[in-house]
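Chain by chain, the residues run as shown.
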Amino acid sequence: MTTTELLAAYDQQLRTDAETPSAVAVERLGPLRLVTFPGGRGFVTYQDLGGADAPTIAGWVAETVEYYRAQPGIDRFEWKSRGHDHAPCLHDALLENGLEADETESIMIGAASGLAADLDLPPGVTVRQVSDETGIRAMCAMQDEVFGSPASDGNAEAVLRRAARDDGMQLWVAEHDGVIISAGRLEPVPGTDFAGIWGGVTRSEWRGRGIYRSVTAARARAALDLGKTFIHSDSTEFSRPILERSGLVRVSTTTPYLWRRPSGVDGR
């Protein structure tokens, strides 16, 4: 498939409902979907903005902020933008309404078969799927540490809630002497040809030795076993070259814009 065809498949299959399988509520505002997830997190997505002009988009942004501000249970939300959308002055409207742009990532898509290679691991390193609470907590603690997140059980509790729903998510890790050194999620997307690979991280002292690629290959083989033919991922500049070497291509970019409720401000 060409890059244009892959991007069309992304827009048709992977936006809106496919992004929010664990939503507890969804409100509509024009083409926008204002999503509420467990744990006080909101999320804004859409398939496109329907050719809206700058004033209309600015109005939607302002209404979105007021919508989440009026919900005391929401302390943050993300507006997920895409580089290929027609969205005049969206960046300015988001900043003017108190959101902050996070790191832009590459939207990567490719055949799962291209990732599912058998790779040699360093001596003593093994790759396996984890599903027990102890393994999940150890995996999440390692991810938090490497990503520089404050020590907390919040990430582990969220992943454990997901695992309890048995919605198809798989967690894969690489270990050395019983210590997790790399990890990542596989998220098959129901009703589509795609599975997503997310949360990939490797301890710095183990990078450059093929371990991340091996965890990715294990996830790709699992996706193929589930009948998924394509892999997608939002990739940092660190992971993008690894995926490109396995045949994934950059079809666009995505930039998350983040809003956080000011400390001490409730929903009234």
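Residues numbered from 1 in each chain as written. Predicted model: local features only at pLDDT ≥ 70, side-chain atom pairs only at ≥ 80, totals over all residues. Heavy atoms only, no water.

Things to note about the overall build of the protein
Let me state the cut-off plainly: Going along the chain from the N terminus, every DSSP run of H or I of four or more residues is numbered as a helix, and every run of E of two or more is numbered as a strand. As a reference, a globule follows 2.2 Å times the number of residues to the power 0.38, and the radius of gyration itself is taken over C-alpha atoms. We call a residue buried when its accessible area falls under 20% of the maximum for its residue type, exposed when it is over 50%, and partly exposed in between, using a 1.4 Å probe and counting protein chains only. In this analysis, two residues are considered to be in contact whenever any of their non-hydrogen atoms come within 4.5 Å of each other. Residue exposure ignores everything except the shown protein chains as possible cover, and the areas themselves are Shrake-Rupley values with a 1.4 Å probe.
The helix and strand inventory of the protein stands at 8 helices and 12 strands. Over its C-alpha trace the protein gives a radius of gyration of 19 Å, about what one expects of a compact globule, namely 18 Å for 268 residues. Based on the C-alpha atoms only, the size of the protein along its principal axes is roughly 60 × 45 × 30 Å. Considering the protein as a whole, with its 268 residues, one finds that 46% of them fall into the buried category. In the protein, the share of contacts with a sequence separation of at least 24, taken over all contacts with a separation of at least 6, comes to 73%. Summed over all atoms, the accessible surface of the protein reaches about 12800 Å², with 48% contributed by carbon and sulfur.

Brief notes about the pairing of strand β8 (residues 170-176)
Selection criterion: Think of it this way: DSSP has to see at least two bridges between two strands before they count as a pair.
In terms of burial, β8 is largely enclosed, as 6 of its 7 residues are buried. In the sheet, strand β7 (residues 125-130) pairs with β8 via 6 bridges, with the strands oriented antiparallel. Looking at the pairing, glutamine 129 lines up with tryptophan 172 of β8. Here β8 hands over to strand β9 (residues 179-188) after 2 residues, with aspartate 177 in that stretch at a positive phi of 55°.

Side note on the environment of proline 241
With respect to the helices and strands, proline 241 occurs in helix α8 (residues 240-245). Expressed as a C-alpha distance, the spacing of proline 241 and glutamine 12, which sit 229 residues apart in the sequence, is 26 Å.

Considerations on the side chain of threonine 253
Within the secondary structure, threonine 253 is located in strand β12 (residues 249-260). By relative accessible area, which is 18% here, threonine 253 ends up buried. Each residue touching threonine 253, except ones within four places of it in the same chain, is listed here: Ser81, Arg82, Gly83, Thr104, Glu105, Ser106 and Ile107.

Here we look at helix α6 (residues 154-165)
Stated precisely, the cut-off is as follows: What a helix is expected to span follows from its residue count: subtract one and scale by 1.5 Å. As used here, the arc belongs to the directions running from the helix axis to the C-beta atoms.
Between its terminal C-alpha atoms α6 stretches 17 Å, which fits the 16 Å expected from 12 residues at 1.5 Å a residue. Along α6, the residues classified as buried are Ala156, Val159, Leu160 and Arg162. Down the axis, α6 shows its buried residues gathered within 160° of arc, on one side only. Summarising the contacts, the buried residues of α6 are in contact with α5 (133-147), β8 and β9. Immediately downstream of α6, the backbone of aspartate 166 shows phi near 50°, a positive value.

Some remarks on the pairing of strand β4 (residues 76-82)
Selection criterion: Seen with the strands pointing away from the viewer, any crossover whose path from the first strand over the helix to the second strand runs clockwise is right-handed.
The buried fraction of β4 amounts to 5 of the 7 residues, a majority that puts the element mostly inside the structure. Of the pairings in the sheet, the one linking strand β3 (residues 41-45) to β4 comprises 4 bridges and is parallel in character. Bridge pairing in β4 places arginine 41 opposite arginine 76. Crossover β3 to β4 through helix α2 (residues 54-69) is right-handed.

Observations concerning the environment of valine 251
Assignment of secondary structure puts valine 251 in strand β12. The exposure class of valine 251 is buried, given its relative accessible area of 10%. Taking the C-alpha atoms as reference, valine 251 lies 33 Å from arginine 261; in sequence the two are 10 residues apart. Leave out the neighbours within four places in its chain, and valine 251 touches Thr3, Leu6, Leu7, Ile107 and Ile109.

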